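In case you want the letters, here they are:
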Amino acid sequence: MSSSEPQVVESSFVAPSEATPRKGLWLSPLDLDLANRGHTPTVYFYRCNDDAAAYFFDVAKLKEAMAMALVAFYPLAGRLDVDYDGRIEISCNGEGALFVVARSDRTVDDFNDFNPSPELRRLFVPHVEPLSIILAVQVTFLKCGGVALGTALHHAATDAMSAFHFFQTWSAFSRDGNSAAVELPCHDRTLLRPRSPPVVHPDALSVFYPKVILSESPDRPMASRVFTISKDQVAFLKRGLCGGASTFCAVSALVWQCTCVIRQLPPDAETRISFWAHVRRSVRPPLPDRFFGNALVALFAAGAARDIASEALESVAGRIRGAIGRMDDELVRSVIDYYELAEMDSQPPKGILPETELRMVSWLGMPVYDADFGWGKPCVMSRAESIPGGYVYLMNDGNNDAIRVLMCMEAACIKEFERLLYAKL
């Protein structure tokens, strides 16, 4: 593989193609809780077919489509700012999204495993400067004729569900022009405002996971791998092993149990699995279908290590399902009030999770592969940056309904984890 860096051909800003509201956009406590995570780096890889070679990923067309999409998604063309109280907000000023064009002597096949890494981010995700820019993209033309589309979207502005709504819309305008079917986003984040006065229900903290505590631990070298669970294996896991559990509950239970076994935790140690749950349908009244922002609450399930390692997988999945089942309007409102009362940490979390912890991030069921700009769907989409130890990302495979499990754990354990994972399937 060549070691040379991509050559930047062009760097510019794309502003909305029509006039948009000029105002400060208030951010909810759920937005502010995620603001310290900065920009989420992702990368889409596209292979070029011979028919499209002459105009594959036409830059002018992509810019025109983005300008059209930013009319409805105008906060993404703004900048992070602070209001008169010192609270972070989005200044909707129409300055535009950063758009970078580059060329590289790499090929799609140089990245067969598509394992997130610092290299993947460095090569294909644009450097964002200043950090107040909310959206940045980089189109990198590869030696093989393919394209890597790298994106950086600030977490203060949007969660994954809203982010993919934008990428769906941008790609639809590129593919279909003015005839594109567009579902307009709802930007009213006051739907997730705190109560007055804020109040945290005592039961909320029994399933709400308020803050990830990471620690540096140089004696535990970490490694990340992508494990693919086939469509048939997923079906067997859900129906045969987990009693009809959802895909998320079933796969999370399998990962949690295998991790507990491999790590050989003390039998009485409490082990926890935490995960983001969408609140759009849990609050009353429910949020609009196309609510644009962060609508996530971190929940957890727990148990003694001996139980998680030995009980039937259906029971482990039931613990996770039970935590999800307790999320209602009161819990969500308590979480919002908790963050409103808490001191927000401005520093991004660093380090790794304790051995007793796992954190699941699910992109399952999201339109990850709908980003067809007119030249076909991506062959793969992935997070572009390494994840901390103890984190697990779940993503659909674009081609065959399989599940991709991106896992970062102790390097000494990962081969045995792989063996046990597939042995159970």
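Check the entry above for the structure.
Scope of this entry: the structure provided in the associated data block. If you're wondering where the values come from, they're calculated on a predicted model, not measured in any experiment.

1. A few points about the pattern of salt bridges
Summed over all chains, the structure comprises 24 salt bridges. Glu10 serves as the salt-bridge partner of Lys63, at 2.1 Å between the closest nitrogen and oxygen. Separated by 53 residues along the polypeptide, Lys63 in helix 2 (residues 59-72) and Glu10 in strand 1 (residues 7-14) bring together distant segments of the chain. Across the salt bridge formed by Asp329 and Arg333, the nearest N and O atoms sit 3.2 Å from each other.

2. Section: helix 8 (residues 313-325)
For helix 8, built from 13 residues, the straight-helix expectation of 18 Å at 1.5 Å per residue is met to within 8% by its first-to-last C-alpha distance of 18 Å. Residues of helix 8 that are buried include every one of Leu313, Val316, Ala317, Ile320 and Ala323, and no others. Down the axis of helix 8, the smallest arc covering the buried residues is 115°, so these residues share one side. Contacts from the buried residues of helix 8 go to helix 5 (231-241), helix 6 (247-263), strand 10 (270-278), strand 11 (296-304) and helix 7 (305-310).

3. Some words on the pairing of strand 12 (residues 357-362)
Among the 6 residues that make up strand 12, 5 are buried, leaving the element largely enclosed by the rest of the structure. Here 4 bridges tie strand 10 to strand 12, and the two strands are oriented parallel to one another. Residue pairing across strands places Phe275 opposite Met360, the latter belonging to strand 12. Looking at chain direction, strand 12 and strand 14 (residues 391-396) are connected through 4 bridges and run parallel. Paired with Ser362 across the strands is Leu394, a residue of strand 14.

4. A closer look at the sheet that holds strand 7 (residues 135-141)
Within a sheet, neighbouring strands are paired by backbone hydrogen bonds and run either parallel or antiparallel to one another. Reading across the sheet, the 6 strands line up as 1-6-7-8-3-13 and stay open at both edges, with mixed pairing between neighbours. The open sheet has two edge strands with one neighbour each: strand 1 and strand 13 (380-383). Within the sheet, the average angular offset between the axes of one strand and its neighbour, ignoring direction, is 15°. Pairing geometry for strand 1 and strand 6 (residues 97-103), over 7 bridges, is antiparallel. Within strand 6, the residue paired with Phe13 across the bridge is Leu98. With respect to the sheet, helix 4 (residues 160-176) is in contact with strand 3 (39-46), strand 6, strand 7, strand 8 (147-154) and strand 13, its orientation differing from that of strand 8 by roughly 135°.

5. A short note on the packing of aromatic side chains
Two numbers describe a pair of aromatic rings. These are the distance of the centres and the angle of the planes. This model, assessed by the stated rule, comprises 25 aromatic pairs. When the ring of Phe45 is compared with that of Phe111, the centres are 5.6 Å apart and the planes differ by 25°; the resulting orientation is stacked. Taken together, the residues span a long stretch of sequence, with Phe45 in strand 3 and Phe111 in the loop between strand 6 and helix 3 (118-124) at a distance of 66 residues. For the residue pair Phe45 and Phe111, the accessibility class agrees, reading buried in each case. When the centroid spacing of 5.8 Å and the interplanar angle of 80° are considered together, the rings of Tyr338 and Tyr339 count as edge-to-face. The class of Tyr338 is partly exposed, set by a relative accessible area of 27%. Among the residues examined, Tyr339 registers a relative accessible area of 6% and is labelled buried. A network of ring pairs unites the aromatic residues Tyr44, Tyr46, Phe56, Phe57, Phe73, Phe166, Phe167, Trp170, Phe292, Phe373 and Trp375 as a single cluster.

The rules we used
Residues numbered from 1 in each chain as written. Predicted model: local features only at pLDDT ≥ 70, side-chain atom pairs only at ≥ 80, totals over all residues. Heavy atoms only, no water. Salt bridge = Lys/Arg side-chain N within 4 Å of Asp/Glu carboxyl O. Helix = DSSP H or I, 4+ residues; strand = E, 2+ residues; numbered from the N terminus. Expected span 1.5 Å × (residues − 1). Buried < 20%, exposed > 50% of the residue type's maximum accessible area, 1.4 Å probe, protein only. Arc of directions from axis to C-beta. Contact = heavy atoms within 4.5 Å. Pairing = 2+ DSSP bridges. Axes fitted to C-alpha atoms, helices over the stretch in contact; angles between N-to-C directions. Phe/Tyr/Trp six-rings, centres within 6.5 Å; stacked < 30°, edge-to-face > 60°.

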